[in-house]
Amino acid sequence: MRFLIVEDHPLFREALESALRMVAPAADIVQATSIDGALEQVSAAAEFDLILLDLSMPGTTGLSGIIRIRKAFPKIPVVIVSGYQDRQIMSGAMSLGVSGYILKSSSKQDLAQSIGEVLRGSVCVPAAYRGLVRPLRASDPAQDLLKRLHELTPQQLRVLEMLKRGLQNKQIAYELKISETTVKVHVSDILRKLNVLSRTKAIVEMSRIDFATLAAGDTAARRERVRPDQQ
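Residues numbered from 1 in each chain as written. Predicted model: local features only at pLDDT ≥ 70, side-chain atom pairs only at ≥ 80, totals over all residues. Heavy atoms only, no water.

**Some details on the packing of helix H3 (residues 64-72) against helix H7 (residues 154-164)**
The test is simple: Here an axis means a line fitted to C-alpha atoms, over the contact stretch when the element is a helix, while the angle between two N-to-C directions is reported on a 0 to 180 degree scale. A run of H or I in DSSP becomes a helix once it reaches four residues, and a run of E becomes a strand once it reaches two; helices and strands are each numbered from the N terminus. We call two directions roughly parallel when the angle between them is under 35 degrees, roughly antiparallel when it is over 145, roughly perpendicular when it lies between 65 and 115, and oblique otherwise. Crossing handedness: left-handed means the near helix sits turned counterclockwise from the far one by under a right angle, and right-handed means the same turn made clockwise. Should any heavy atoms of two residues lie within 4.5 Å, those residues are counted as being in contact.
Put simply, H3 and H7 touch, their axes get as near as 9 Å, and they point 165 degrees apart. The angle between H3 and H7 places the two elements in the roughly antiparallel class. In this structure, H3 meets H7 at a crossing whose hand is left-handed. Of the residues in H7, those in contact with Ser64, Ile67, Arg68, Lys71 and Ala72 of H3 are Pro154, Leu157, Arg158 and Glu161.

Rendered as structure tokens:
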């Protein structure tokens, strides 16, 4: 079997590799420390059986890292391994078709058990959240944005991330080794597909799937469910 760990913290990479060895001792395990590095690894290597992905990675914000990997390699199962425990963040990840969501606070045995469940075809979420985590509803603004983001090409998603980082066309062209004219074409297509009129509006839209925004939405939803006599 062949696995890819996408995690920028060396100690947790070791923990994930150890858990994977419990499931498949002879597996080929590859590591990456960024989304770009992960995409390069998958592009250059044979098919992977599973990708373990941390949400907080260099070069990406919010759920966009999942979108980039799922868009480029939709057939490879992806499991999120994260410290975020907000239901809205978990629900957003599940809406993107991941095969599981594992908390970093899990023991090595629990990590191995969850990974084993996914390899057997199940979808795993933390036991405490089963029945509470489900894909975002179609009426949710974040779900609408995720749908529109899926219309972007892998290169356009990368350009959008760079726009969010504040890079100008010249800088994007340099990093991607393409012409400024090509960058301008990508930006125009991004604005059209996101149905916005400016780069600033595109960045504002992307904030809907940032962790802080999603977590705030989850907190607000919980407060609305609390009756006045419970406050």
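**Structural notes on the sheet that holds strand E1 (residues 2-6)**
Cut-off, in case you're wondering: One requirement defines pairing of two strands: DSSP has to find at least two bridges between them.
The five strands are arranged E2-E1-E3-E4-E5 in an open sheet whose pairing can be described as parallel. The open sheet is flanked by strand E2 (28-32) and strand E5 (100-103), the only strands paired with a single partner. The mean inter-strand angle of the sheet, taken between neighbouring strand axes irrespective of direction, is 20 degrees. Pairing of strand E3 (residues 50-53) with strand E4 (residues 78-82), which is carried by three bridges, proceeds in the parallel orientation. Within the sheet, the bridge partner assigned to Ile51 lies in E4 and is Val78. Contacting E1, E2 and E3, helix H2 (residues 35-44) crosses the sheet at an angle of about 145 degrees to E2.

**Here we look at the packing of aromatic side chains**
We count it as follows: The rule is short: rings of Phe, Tyr and Trp, with Trp giving its six-membered ring, pair when the centres are within 6.5 Å, and they are stacked under 30 degrees, edge-to-face over 60, tilted in between. Whether a charge lies above a ring is judged from NZ of Lys or CZ of Arg, which has to be within 6 Å of the ring centre and within 35 degrees of the ring normal.
By the definition in use, this model includes zero aromatic pairs. Geometry around Phe48 places Arg2 over its ring, the cationic atom sitting 4.8 Å from the centre. Across the ring face of Phe12, the terminal group of Lys104 is positioned such that the distance to the ring centre comes to 4.9 Å.

**A word on H2**
What counts here: Think of it in three bands: with a 1.4 Å probe and only protein chains considered, a residue is buried below 20% of the maximum accessible area for its type, exposed above 50%, and partly exposed in between. Whenever a nitrogen or oxygen atom comes within 3.5 Å of another N or O atom, the pair is scored as a polar contact, on the condition that within protein one atom can donate a hydrogen and the other can accept it, and that pairs from neighbouring residues in sequence are kept only if both atoms are in side chains.
Here H2 has its buried residues at Ile35, Gly37, Ala38, Leu39 and Val42. The inward-facing, buried residues of H2 contact E1, E2, E3 and H3. With a side-chain oxygen positioned 3.0 Å from the backbone nitrogen of Gly37, the residue opening H2 is Ser34.

**Description of the pattern of salt bridges**
The cut-off we apply is this: Whenever a carboxyl oxygen of Asp or Glu lies within 4 Å of a side-chain nitrogen of Lys or Arg, that contact is scored as a salt bridge.
In the structure shown here, the tally under the stated rule is ten salt bridges. With a closest N to O distance of 2.5 Å, Asp36 and Arg68 form a salt bridge. Of this pair, Asp36 sits in helix H2 while Arg68 sits in helix H3, and the two are 32 residues apart along the sequence. Residue Asp36 is classed as partly exposed on the basis of its relative accessible area of 27%. Put simply, Asp54 and Lys104 hold a salt bridge, and the shortest N to O gap is 3.1 Å. You can see Asp54 sitting in the loop between E3 and H3 and its partner Lys104 sitting in the loop between E5 and helix H5 (108-119), a full 50 residues away along the chain.

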